[in-house]
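# Structural description and commentary
Each chain is listed here by its residues.
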Amino acid sequence: MNDSASYTPPKIWSPPPSSGGRFANINRPVAGPTHDKKLPVGRHPLQLYSLGTPNGIKVTVMLEELLALGHSGAEYDAWLIRIHEGEQFGSGFVAANPNSKIPVLVDHSGSVPQRVFESGAILQYLAEKFGAFLPASGAPRAECLSWLNWLMGSAPFLGGGFGHFYAYAPSKIEYAIDRYAMEVKRQLDVLDRRLAEVPYLAGDDYTIADMAVWPWYGALVKGQLYEAGEFLQVQTYAHVLRWTDEIARRPAARRGRMVNRTWGEPSSQLHERHDASDFDTRTQDKLAP
């Protein structure tokens, strides 16, 4: 291992002055708001507060897929939450999600606004609300929910584990990178074996399970996450590659990946989405001076 020094945990932990690395300025050991700020509310019943990370993309893909099916009630306003600036700790956001993580959805279609937080819960809520992308019963429903929850348990190993220590930590720790690389490759093998058997994770049909997994592991096998494609030899997962390319060709998935995106080609960034026409008129290449 290449650790520069050994570490003996103290009897009682206390936070360091700075944890270092990316996101250090928003890491803290307590919950709750840091400042007062109301959440904006647009004209649609569904209000999404998010950022175009893999967790945010799950929900915008779902909303765009619902609209593509003709569910006009799925029209939504997507507001940008700049997590690097701590906007998720505003009082309005914390009231909507006490965990202060993106995304969060607030549904104003009923007599009382309904908050829904955690991306997997949002996908299931929308699927049940509109009766789409979640099988009604039996083995397909069980498979869909199993793979959805597989993602919710697995992605932290990819993002907070491998991604953090490989790409964001202030120093490279061989043990940590090896541990999480091992687990991520095991997870990719799990997916590859499943997708060798069926077209989509739940079986024959595209569901919220695919929408949840695709922004994480689909991006990873295309070399679009943490610049780790060569390191992990992602090209060996042929069935995952077939699956992710198929989803990437879906117009709704392409649109969903643009919403609340603040990096990459300006034409791929739609910082906020309030109308379907915004994809044609409000991307950053059209707004830049």
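Each remark here, short or long, concerns the structure printed above.
All of the points below concern the structure found in this document. Remember, it's a predicted structure, so these values are computed and weren't measured experimentally.

## Here we look at the packing of helix α1 (residues 54-68) against helix α6 (residues 208-221)
Interaxial distance between α1 and α6 falls to 8 Å at its minimum, and their mutual angle equals 140°. Between α1 and α6, the angle is such that the two are oblique. Relative to α6, α1 is oriented so that their crossing is right-handed. Together, P54, N55, I57, K58, V61, M62 and E65 of α1 and I208, M211, A212, W214, P215 and W216 of α6 make up the contact between the two elements. Among the residues forming the contact of α1 with α6, the class breakdown is 10 nonpolar, one polar and two charged.

## Considering the packing of aromatic side chains
Evaluated as defined, the whole model comprises 11 aromatic pairs. Plain terms: the ring middles of F162 and Y166 are 5.0 Å apart, the flat faces sit at 15° to each other, and that makes the pair stacked. With a gap of four residues between them, F162 and Y166 both fall in helix α4 (residues 138-168), about one helical turn apart. Overall, F162 belongs to the buried group, its relative accessible area being 0%. One aromatic cluster in this structure is built from F162, Y166, Y168, Y226 and F231. Cation over ring: K129 sits above F130, and NZ or CZ is 5.8 Å from the ring centre. Above the plane of the ring of Y166 lies K172, whose end atom (NZ or CZ) is 5.9 Å from the centre.

## What to know about the packing of α4 against α6
Close contact between α4 and α6 brings their axes to 8 Å; oriented N to C, the two are set at 30°. Between α4 and α6, the crossing angle belongs to the class labelled roughly parallel. Between α4 and α6 lies a crossing whose hand is left-handed. Judged by residue contacts, C144, W147, L148, W150, L151, S154, A155, L158 and G159 of α4 engage I208, A209, A212, V213, W216, Y217 and L220 from α6.

## Quick look at the environment of Y168
Along the chain, Y168 falls in helix α4. Measuring from C-alpha to C-alpha, the distance between Y168 and L39 comes to 30 Å, with 129 residues separating the pair along the chain.

## Regarding the pairing of strand β3 (residues 104-107)
Burial of the side chains of β3 extends over both faces: V104 and V106 are buried on one face and L105 and D107 on the other. As defined by bridge partners, strand β1 (residues 46-50) adjoins β3 across four bridges and the pair is classed as antiparallel. By the bridge assignment for β3, Y49 is matched with V104. Pairing analysis gives four bridges linking β3 to strand β4 (residues 114-117), with the strands arranged antiparallel.

## Some words on the pattern of salt bridges
Once the charged atoms of two side chains with opposite charge are near each other, the side chains can pair. Scanning the entire structure with this criterion turns up 15 salt bridges. As a salt-bridge pair, D189 and R193 come within 2.8 Å of each other at their nearest N and O atoms. Remark: R193 and D189 occur in helix α5 (residues 174-195); sequence separation between them is four residues, near one turn of the helix. Since its relative accessible area comes to 58%, R193 is described here as exposed.

## Brief notes about the nonpolar core
Taken as a class, soluble globular proteins show a tendency for nonpolar side chains to be buried jointly. By size, the foremost hydrophobic cluster in this structure holds 66 residues, and its most contacted members are L126, I208 and Y217. Here the element with the most residues in this core is α6; it accounts for 10 residues. With residues up to four places along the chain from it excluded, the contact list for Y217 reads W150, L151, S154, A155, L158, Q187, L188, L191 and V240. Counting 11 residues, the second-largest nonpolar core is a separate cluster that includes Y49, W79, I83 and V106.

Reading the values: rules and limits
- Residues numbered from 1 in each chain as written.
- Predicted model: local features only at pLDDT ≥ 70, side-chain atom pairs only at ≥ 80, totals over all residues.
- Heavy atoms only, no water.
- Axes fitted to C-alpha atoms, helices over the stretch in contact; angles between N-to-C directions.
- Helix = DSSP H or I, 4+ residues; strand = E, 2+ residues; numbered from the N terminus.
- Parallel < 35°, antiparallel > 145°, perpendicular 65-115°, else oblique.
- Left-handed = near helix turned anticlockwise from the far one by under 90°.
- Contact = heavy atoms within 4.5 Å.
- Nonpolar A, V, L, I, M, F, W, Y, C, P; charged D, E, K, R; others polar.
- Phe/Tyr/Trp six-rings, centres within 6.5 Å; stacked < 30°, edge-to-face > 60°.
- Buried < 20%, exposed > 50% of the residue type's maximum accessible area, 1.4 Å probe, protein only.
- Lys NZ or Arg CZ within 6 Å of the ring centre and 35° of its normal.
- Pairing = 2+ DSSP bridges.
- Salt bridge = Lys/Arg side-chain N within 4 Å of Asp/Glu carboxyl O.
- Core = buried A, V, L, I, M, F, W, Y, C linked by side-chain atoms within 4.5 Å.

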